[in-house]
Amino acid sequence: MTQPVSQVLAYAPANPAQTAEFMAHKLSFHADAWDVAEDLRSGVDALVVIDTRSELLYARGHVPGAINFPHRLMTAQSTAALDRSKVYVTYCDGIGCNGSTKGAYKLASLGFTVKEMLGGLDFWVRDGQPVATGSEPGAMPADAPAIECAC
């Protein structure tokens, strides 16, 4: 009997040390919605969550506590008041939107430490996290139940 040809193994996997290094590197660029929610729920103040979408979309629904800073408005002048000691977590609608990537790029290019929230508001909602509405950031509700991560 002939052994089937593996599509997965057509390219040899990296050794464990290479994989660990690559995955750690990848995690330095991204955060997922669950981790962001846990940090907001816990009151971690080292992070600032930025919604990179338009004011209209932000008002319709956003991550509680996120500030609205559309990526199109990010410049050296408009970011001058941001605290450079913070880590900025950018997000947009979801995987079909690159506003969070553009925002992260602009902030990083201006010298800010940034991570991008994977899946954006779409994954935030899929995880069952609360959503704030209106033009104010709001805050993660103190009584928001901790959702168990499916990952």
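Before going into details, it helps to say that this report is about the structure given with it.

What counts, and at which threshold
Residues numbered from 1 in each chain as written. Predicted model: local features only at pLDDT ≥ 70, side-chain atom pairs only at ≥ 80, totals over all residues. Heavy atoms only, no water. Salt bridge = Lys/Arg side-chain N within 4 Å of Asp/Glu carboxyl O. Helix = DSSP H or I, 4+ residues; strand = E, 2+ residues; numbered from the N terminus. Expected span 1.5 Å × (residues − 1). Polar contact = N/O pair within 3.5 Å; in protein donor to acceptor, adjacent residues only side chain to side chain. Core = buried A, V, L, I, M, F, W, Y, C linked by side-chain atoms within 4.5 Å. Buried < 20%, exposed > 50% of the residue type's maximum accessible area, 1.4 Å probe, protein only. Contact = heavy atoms within 4.5 Å. Pairing = 2+ DSSP bridges.

**What about the pattern of salt bridges?**
Here comes step 1: One pass over the structure, following the stated rule, counts 4 salt bridges.
Here comes step 2: In this structure, the salt-bridge partner of arginine 126 is aspartate 122, at a minimum N-O distance of 3.1 Å. On the criterion of helical spacing, the pair formed by arginine 126 and aspartate 122 is a turn pair, its members being 4 residues apart in helix 5 (residues 120-126).
Here comes step 3: Because the salt bridges share partners, they merge into one network encompassing Asp51, Arg53 and Asp93.

**Observations regarding helix 1 (residues 16-27)**
Here comes step 1: Here helix 1 spans 16 Å end to end across 12 residues, near enough to the 16 Å set by a 1.5 Å rise per residue.
Here comes step 2: Regarding helix 1, its N-cap is asparagine 15, as a side-chain oxygen of that residue lies 3.0 Å from the backbone nitrogen of alanine 17 further along.

**Regarding the nonpolar core**
Here comes step 1: Val36, Val49, Val63, Tyr91, Met117 and Trp124 are the most contacted members of the largest nonpolar core, which totals 13 residues.
Here comes step 2: Where this core is concerned, the elements lending two or more residues are helix 2 (33-42), strand 4 (87-91) and helix 5.
Here comes step 3: When residues in this core are grouped by element, the largest group, 3 residues, is from helix 2.
Here comes step 4: In this structure, methionine 117 is in contact with Ala31, Asp32, Ala33, Val36, Val63, Val89, Thr90, Tyr91 and Trp124, ignoring residues within four places of it in sequence.
Here comes step 5: Counting 10 residues, the second largest nonpolar core, distinct from the first, contains Ile50, Phe69, Tyr88 and Phe112.

**Some remarks on the sheet that holds strand 2 (residues 47-51)**
Here comes step 1: Spatially, the 5 strands line up as an open sheet ordered 1-5-4-2-3, and their pairing is parallel. For this open sheet the edge positions go to strand 1 (30-32) and strand 3 (67-68), each flanked by a neighbour on one side alone.
Here comes step 2: As judged from the 2 bridges shared by strand 2 and strand 3, these two strands associate in the parallel manner. Bridge assignment links isoleucine 50 to a residue of strand 3, and that residue is isoleucine 67.

**Points about the pairing of strand 5 (residues 113-118)**
Here comes step 1: As paired strands, strand 1 and strand 5 are joined by 3 bridges and run parallel to one another. Paired with aspartate 32 across the strands is leucine 118, a residue of strand 5.
Here comes step 2: Inspection of the sheet shows strand 4 paired to strand 5 by 4 bridges, in the parallel sense. Counterpart to tyrosine 88 in the pairing with strand 5 is valine 114.

**Focus: the side chain of aspartate 51**
Here comes step 1: Position of aspartate 51 relative to the elements: it lies in strand 2.
Here comes step 2: Not counting residues up to four positions away in its chain, the partners in contact with aspartate 51 are Tyr58, Gly61, His62, Ala66, Ile67, Asn68, Phe69, Pro70 and Tyr91.

**Focus on the environment of arginine 53**
Here comes step 1: Within the element layout of this structure, arginine 53 appears in the loop between strand 2 and helix 3 (55-60).
Here comes step 2: You can call arginine 53 buried: its relative accessible area is 7%.
Here comes step 3: Each C-alpha atom of the pair arginine 53 and valine 36 lies 18 Å from the other, and the pair is 17 residues apart in sequence.
Here comes step 4: Ignoring anything within four residues of it in the chain, the contact list for arginine 53 reads Tyr58, Gly61, His62, Asn68, Pro70, Tyr91, Cys92, Asp93 and Leu121.
Here comes step 5: For arginine 53, the side chain forms a polar contact with the main-chain oxygen of leucine 57, separated by 3.3 Å.

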